[in-house]
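So the chains spell out like this:
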Protein chains: 2
Amino acid sequence: MKKLINDPANVVAETLSGFQAAHADLVTVHFDPDYVVRADAPVKGKVGLVSGGGSGHEPLHAGYVGKGMLDAAVPGAVFTSPTPDPIFEATKAVDGGAGVLHIVKNYTGDVLNFETAAEMADMEGITVKTIVVNDDVAVEDSTWTAGRRGVAGTVLVEKIAGAAADRGDDLDAVLAVAEKVNSKVRSMGVALSACTVPHAGKPSFDLSDDEIEIGIGIHGEPGRHRIPMAPADSITDQLVDPILADLKPAAGTEVLLFVNGMGGTPEAELYIVYNHARARLEAAGLKVTRSLVGNYITSLEMQGCSVTVLALDDELTALWDAPVLTPAFRRGV
Amino acid sequence: MKKLINDPANVVAETLSGFQAAHADLVTVHFDPDYVVRADAPVKGKVGLVSGGGSGHEPLHAGYVGKGMLDAAVPGAVFTSPTPDPIFEATKAVDGGAGVLHIVKNYTGDVLNFETAAEMADMEGITVKTIVVNDDVAVEDSTWTAGRRGVAGTVLVEKIAGAAADRGDDLDAVLAVAEKVNSKVRSMGVALSACTVPHAGKPSFDLSDDEIEIGIGIHGEPGRHRIPMAPADSITDQLVDPILADLKPAAGTEVLLFVNGMGGTPEAELYIVYNHARARLEAAGLKVTRSLVGNYITSLEMQGCSVTVLALDDELTALWDAPVLTPAFRRGV
């Protein structure tokens, strides 16, 4: 294992320490328990947005803390859910009196721990509602999940619900926007290589030199099947087609196309995938009106990508375009 | 070789096609010869900035085309200098009557081809001046270079000179700012793994499972030496200390600290390196007042990073903070 780390036990703490120092203008990191809040938290009268989950998916979630997106992020150990305590502390820290929305990727540990934290907050008089994101069409149930997994669609939920909170929507309205995004977004990923969790010290699964895994999870959980290495266009079809079969967007629908790198993929390859995915969507009669290409939800140094399609309407487009100012995502502020 | 590509011969063209489609609001891509200009080029009365070089370092350079940074980028084949023709065409396309600055990383092929393009432009009455960036302290001369190599400092030259042009500086003044940045910036990198050029099909060099290369070049050119894998803090010291020995900043100097990922490095590891590099700079009496952490100049899927230190003054800080709106770098627009 070659990684730019010191002690595997200190990976998250040292990452957060560097993150705090680099972005002190935008965020404040609390240690022990670990959570990240926007520097001006709590924002009085605004719905607070809290997300979190295992580390190793950076910039998700701490990179999205700031105006127009999340109020707090709660990082667990690498690929390990945070416990209820830091989620509860983060929830308290960002409650501005209008309630708090928990944005949870659908993994069993995350769902349970956010639920417990919400109950703890409720006992202190903080209203919490929860959106569980489950956009991955690859598999129903999995090693870590009941139902579908929450993957790259989470970034879009965080951006768009964050914009809704920023414009002053109340908790029910922000939840409704988040639910709308979750109902209209689908994703599927592919791995060309595995990744290595620092404290494990060896790759999380084995892939031979000439095979790839279609439908991979963001922790390397099994996907749909393994196939021999293939041209990018063929791989892209095998990601886009299941998304379209599941989402069933009407011809003429405006969509956001998001090609996400898993952490170890050259940016050029993401644009090659984007190029063909876009052509495929257009051939299906869809209009790609918004785009996102880059490393937004990663799996350590895994090579591969995911494709995400969000069916837009005027409200979602306007919220997508709204200003955002976070360490990893900024526009128009 | 597992890559998300189709034919290796089409990697750059398909990347540019996807890039154009994803960022049509910001850039216009010209094909055959290939170059990328900002969508509103030429900007009348503004000095035009043109950079370029071999592909494989994305988001450099095309990702930095837009308001407040580059007017054009000229991508060659992967790790191969662009020929004079597209550089000349890009130069013509962005000349707004105030002359054009070529920003060239110090590699023999780039320097020669930009020089030829500048002569071609001169014959058409376009004044071109050139800054050759050579910030890499690792080696004097190298397999591809006479003198020092141009690496991550190029991103800072492009941002800061771009801001100077954006505020209306004339060509000599923009050149002077670029030269000031180049005189005050130093970088050094480390590779944990090699990268594979698509048309080569095999790694550009061999590194054993327990060794790393200190002072690596962005094309995998040899650095200073190979050492056994070590903790991140020790590796970071071996990047920061040669930078400080060469830059010799006075105690109390304000600096920008830039930790750049080579393409295959998890973001968390970059923050771990940043964390220790910052402590090292502060221990040397410097004040880290600006920061940049992420994949800004890559080497395909290479694992590793570089550290860059820029000694700031009030002018450079203000230009660094100025608005910028490009596909890969945006702030305050």
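Since the structure is predicted, the reported quantities are computational estimates derived from the model, not experimental observations. (Residues numbered from 1 in each chain as written. Chains lettered and ligands numbered in written order. Predicted model: local features only at pLDDT ≥ 70, side-chain atom pairs only at ≥ 80, totals over all residues. Heavy atoms only, no water.)

1. Some words on the interface of chain B and chain A
Phase 1 of the analysis: Chain B puts 52 residues into the contact, and the matching count from chain A is 52 residues.
Phase 2 of the analysis: Between chain B and chain A, a total of about 4,300 Å² is buried, with carbon and sulfur atoms accounting for 58% of that surface.
Phase 3 of the analysis: Per-residue buried area on chain B facing chain A is highest for Lys2(B), Leu4(B) and Tyr271(B); these three make up 21% of the total on that side.
Phase 4 of the analysis: At the surface where chain B touches chain A, the tally comes to two salt bridges.
Phase 5 of the analysis: As a salt-bridge pair, Lys3(A) and Glu269(B) come within 3.9 Å of each other at their nearest N and O atoms.
Phase 6 of the analysis: For the interface between chain B and chain A, the tally reads 24 residue pairs in polar contact (both at pLDDT 80 or more).
Phase 7 of the analysis: A total of nine residues in the side of chain B that touches chain A trace back to one element, the largest contributor, which is helix H7 (residues 267-283) of chain B.
Phase 8 of the analysis: Tallied by class, the residues present in the side of chain B that touches chain A amount to 24 nonpolar, 15 polar and 13 charged. (Contact = heavy atoms within 4.5 Å. Buried area = accessible area lost by both parts, 1.4 Å probe. Salt bridge = Lys/Arg side-chain N within 4 Å of Asp/Glu carboxyl O. Polar contact = N/O pair within 3.5 Å; in protein donor to acceptor, adjacent residues only side chain to side chain. Helix = DSSP H or I, 4+ residues; strand = E, 2+ residues; numbered from the N terminus. Nonpolar A, V, L, I, M, F, W, Y, C, P; charged D, E, K, R; others polar.)

2. Section: helix H5 (residues 171-184) of chain A
Residue and element names in this part refer to chain A.
Phase 1 of the analysis: An ideal rise of 1.5 Å per residue puts 20 Å on 14 residues; H5 measures up with 20 Å between its terminal C-alpha atoms.
Phase 2 of the analysis: Among the residues of H5, Leu171, Val174, Leu175, Val177, Ala178, Val181 and Asn182 are the ones counted as buried. Relative to the axis of H5, the buried residues are bounded by an arc of 160° and lie together on one face. (Expected span 1.5 Å × (residues − 1). Buried < 20%, exposed > 50% of the residue type's maximum accessible area, 1.4 Å probe, protein only. Arc of directions from axis to C-beta.)

3. Regarding the sheet that holds strand S3 (residues 48-55) of chain A
All names here are of chain A.
Phase 1 of the analysis: Read across the sheet, six strands follow the order S1-S2-S4-S3-S5-S6 without closing on themselves; strand pairing throughout is mixed. The two strands at the open ends of the sheet, each matched to only one other strand, are strand S1 (27-30) and strand S6 (128-133). Strand-to-strand twist across the sheet, computed as the mean angle between neighbouring axes with direction ignored, equals 20°.
Phase 2 of the analysis: Taken together, the six bridges between strand S5 (residues 100-105) and S6 define a ladder with parallel strand orientation. Note that in S6 the partner of valine 100 across the bridge is valine 128.
Phase 3 of the analysis: Here helix H2 (residues 84-94) sits on the sheet in contact with strand S2 (35-38), S3, strand S4 (72-78), S5 and S6, set at roughly 15° to S2. (Pairing = 2+ DSSP bridges. Axes fitted to C-alpha atoms, helices over the stretch in contact; angles between N-to-C directions.)

4. With respect to the UniProt feature "domain: DhaK" (unreviewed entry) in chain A
Phase 1 of the analysis: UniProt's entry tags residues 7-329 of chain A with the feature "domain: DhaK" (unreviewed entry), counted in the numbering of this structure.
Phase 2 of the analysis: With 33% helix and 24% strand, residues 7-329 of chain A has its two end C-alpha atoms placed 29 Å apart. (UniProt positions renumbered as here; feature names shortened; annotations may be inferred.)

5. Regarding the sheet that holds strand S3 (residues 48-55) of chain B
All names here are of chain B.
Phase 1 of the analysis: Taken in spatial order, the six strands make up an open sheet running S1-S2-S4-S3-S5-S6, and their pairing is mixed. Each edge of the open sheet is held by one strand with a lone partner, namely strand S1 (27-30) and strand S6 (128-133). Neighbour-to-neighbour, the strand axes of the sheet open up by a mean angle of 20°, direction not taken into account.
Phase 2 of the analysis: Two elements, S1 and strand S2 (residues 35-38), share four bridges in a ladder whose sense is antiparallel. Note that in S2 the partner of histidine 30 across the bridge is tyrosine 35.
Phase 3 of the analysis: Contacts from helix H2 (residues 84-94) reach S2, S3, strand S4 (72-78), strand S5 (100-105) and S6 within the one sheet, and its direction differs from that of S2 by about 15°.
Phase 4 of the analysis: Together, S3, S5 and S6 form the strand contacts of helix H5 (residues 171-184), whose direction differs from that of S6 by roughly 5°.

6. Some points on the domain arrangement of chain A
Residue and element names in this part refer to chain A.
Phase 1 of the analysis: Taken as a whole, chain A is organised into domain 1 (10-183) and domain 2 (185-324).
Phase 2 of the analysis: Computed from C-alpha coordinates alone, the two centres of domain 1 and domain 2 are separated by 22 Å.
Phase 3 of the analysis: Each side of the interface is counted separately: domain 1 has 39 residues, and domain 2 has 41 residues.
Phase 4 of the analysis: Among the residues of domain 1 in contact with domain 2, Phe79, Val137 and Leu156 are the three that bury the most area, contributing 17% of the side total.
Phase 5 of the analysis: In this structure, the connection of domain 1 to domain 2 is made through four salt bridges.
Phase 6 of the analysis: For the salt bridge of arginine 167 with glutamate 315, the shortest nitrogen-to-oxygen distance reads 2.8 Å.
Phase 7 of the analysis: Across the domain 1-domain 2 interface, the total number found is 21 residue pairs in polar contact (both at pLDDT 80 or more).
Phase 8 of the analysis: Elements supplying a minimum of two residues to the side of domain 1 that touches domain 2: helix H4 (153-166) and H5.
Phase 9 of the analysis: Element by element, the count of residues in the side of domain 1 that touches domain 2 is highest for H4, at seven residues.
Phase 10 of the analysis: A per-class count over the side of domain 1 that touches domain 2 returns 21 nonpolar, eight polar and ten charged. (Domains from an automatic or database assignment.)

7. Details of the environment of Thr145(A)
Residue and element names in this part refer to chain A.
Phase 1 of the analysis: Structurally, threonine 145 is set in the loop between S6 and H4.
Phase 2 of the analysis: Taking C-alpha positions, threonine 145 is 6.6 Å from asparagine 106, a pair spaced 39 residues apart along the chain.
Phase 3 of the analysis: Among all residues touching threonine 145, those that are not within four sequence positions of it are Asn106, Tyr107 and Thr108.

8. A short note on the relation of the copies chain B and chain A
Phase 1 of the analysis: At an RMSD of 0.0 Å, chain B and chain A line up after a rotation of 180° and a shift of 0.0 Å along the axis. Seen this way, the second copy is the image of the first under a two-fold rotation axis. Residue Gly264(B) of chain B places its C-alpha closer to the rotation axis than any other residue of that unit, at 1.9 Å.
Phase 2 of the analysis: Most of the interface of chain B is mirrored in chain A: 100% of its interface residues are interface residues there too. (Least-squares fit on C-alpha atoms with pLDDT ≥ 70 in both.)

9. Observations regarding unusual backbone geometry
Excluding glycine, a negative phi dihedral is what most residues carry, and trans is how most peptide bonds are arranged.
Residue and element names in this part refer to chain A.
Phase 1 of the analysis: Proline 59 follows glutamate 58 through a cis peptide bond whose omega is 15°.
Phase 2 of the analysis: Among the structural elements, proline 59 can be located in the loop between S3 and S4.
Phase 3 of the analysis: If you check the backbone angles, phenylalanine 79 has positive phi at about 60° while not being a glycine.
Phase 4 of the analysis: Relative to the assigned elements, phenylalanine 79 resides in the loop between S4 and H2.
Phase 5 of the analysis: Residues other than glycine seldom take positive phi values, yet leucine 300 does so here, at roughly 50°.

10. Thoughts on the pattern of salt bridges
When the charged atoms of two side chains with opposite charge come close together, those side chains can pair.
Phase 1 of the analysis: All told, the structure shown has 44 salt bridges over all chains when counted by the stated rule.
Phase 2 of the analysis: Its salt-bridge partner being Asp169(B), residue Arg167(B) comes within 3.0 Å of it at the nearest N-O pair.
Phase 3 of the analysis: Residue classification places Arg167(B) among the partly exposed positions, given a relative accessible area of 45%.
Phase 4 of the analysis: One network of salt bridges, in which partners are shared, links Arg167(A), Asp169(A), Lys180(A), Asp313(A) and Glu315(A).

11. Let's talk about the side chain of Arg148(B)
All names here are of chain B.
Phase 1 of the analysis: Counting through the fold element by element, arginine 148 comes out in the loop between S6 and helix H4 (153-166).
Phase 2 of the analysis: A polar contact is formed between the side chain of arginine 148 and the side chain of glutamate 140, at a distance of 2.7 Å.
Phase 3 of the analysis: Side-chain polar atoms of arginine 148 contact the side chain of aspartate 246, separated by 2.6 Å.
Phase 4 of the analysis: With residues near it in sequence (within four places) discarded, arginine 148 still touches Asn106, Asn134, Asp136, Val137, Val139, Glu140, Asp141, Arg186 and Asp246.

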